[in-house]
Amino acid sequence: MLRITTTVGPAELIAGRAYVHDAELDGDEELTIGMRVAVQDQSGRVSAAAVTSRADARWQLTIQP
């Protein structure tokens, strides 16, 4: 499972969504809608998520409960 590092704080966990911009990716990730990923925040916490949409260069990740 692909691991993506992005901002996941209390607001994102409550909303169940996080966002990642293409510029934040290492460049070798090939994200697709429906893909399951692991989201790692800056403190090292990991949550399961799915890529649910894309708008321009910004991907929406839905965090799994």
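Analysis parameters
Residues numbered from 1 in each chain as written. Predicted model: local features only at pLDDT ≥ 70, side-chain atom pairs only at ≥ 80, totals over all residues. Heavy atoms only, no water. Phe/Tyr/Trp six-rings, centres within 6.5 Å; stacked < 30°, edge-to-face > 60°. Lys NZ or Arg CZ within 6 Å of the ring centre and 35° of its normal. Helix = DSSP H or I, 4+ residues; strand = E, 2+ residues; numbered from the N terminus. Contact = heavy atoms within 4.5 Å. Buried < 20%, exposed > 50% of the residue type's maximum accessible area, 1.4 Å probe, protein only. Core = buried A, V, L, I, M, F, W, Y, C linked by side-chain atoms within 4.5 Å. Salt bridge = Lys/Arg side-chain N within 4 Å of Asp/Glu carboxyl O.

Student: Account for the packing of aromatic side chains, with residues named and values stated.
Tutor: Using the criterion set out here, one finds zero aromatic pairs in the structure. Stacked on the ring of Y19, the Lys or Arg R58 has its end atom at 3.9 Å from the ring centre.

Student: Please provide a residue-by-residue account of the environment of H21, values included.
Tutor: The residue H21 is located in strand β2 (residues 17–21) in this model. Each C-alpha atom of the pair H21 and R58 lies 4.3 Å from the other, and the pair is 37 residues apart in sequence. For H21, the residues in contact, after removing those within four places along its chain, are A57 and R58.

Student: So what's going on with unusual backbone geometry? Which residues, and what values?
Tutor: A positive phi is found at D56, a non-glycine position, where the angle reads about 55 degrees. Residue placement: D56 occurs in the loop between β4 (46–55) and β5 (58–63). A relative accessible area of 75% places D56 in the exposed class.

Student: How would you sum up the nonpolar core? Please name residues and give values.
Tutor: Ranked by size, the top nonpolar core spans 13 residues in total, and within it V20, L31, V37 and L61 carry the most contacts. Counting residues per element, the ones that place at least two in this core are β2, β3 (36–40), β4 and β5. A total of three residues in this core trace back to one element, the largest contributor, which is β5.

Student: Report on the pattern of salt bridges, specifying residues and quantitative values.
Tutor: In this structure the tally under the stated criterion is two salt bridges. D22 is the salt-bridge partner of R54, the closest N and O atoms lying 2.7 Å from each other. Taken together, the residues R54 in strand β4 and D22 in the loop between β2 and β3 connect sequence positions 32 residues apart. Overall, R54 belongs to the partly exposed group, its relative accessible area being 43%. The class for D22 is partly exposed, based on a relative accessible area of 29%. Note that R45 and D41 form a salt bridge whose closest N and O atoms lie 2.6 Å from each other. A relative accessible area of 46% means that R45 is categorised as partly exposed.

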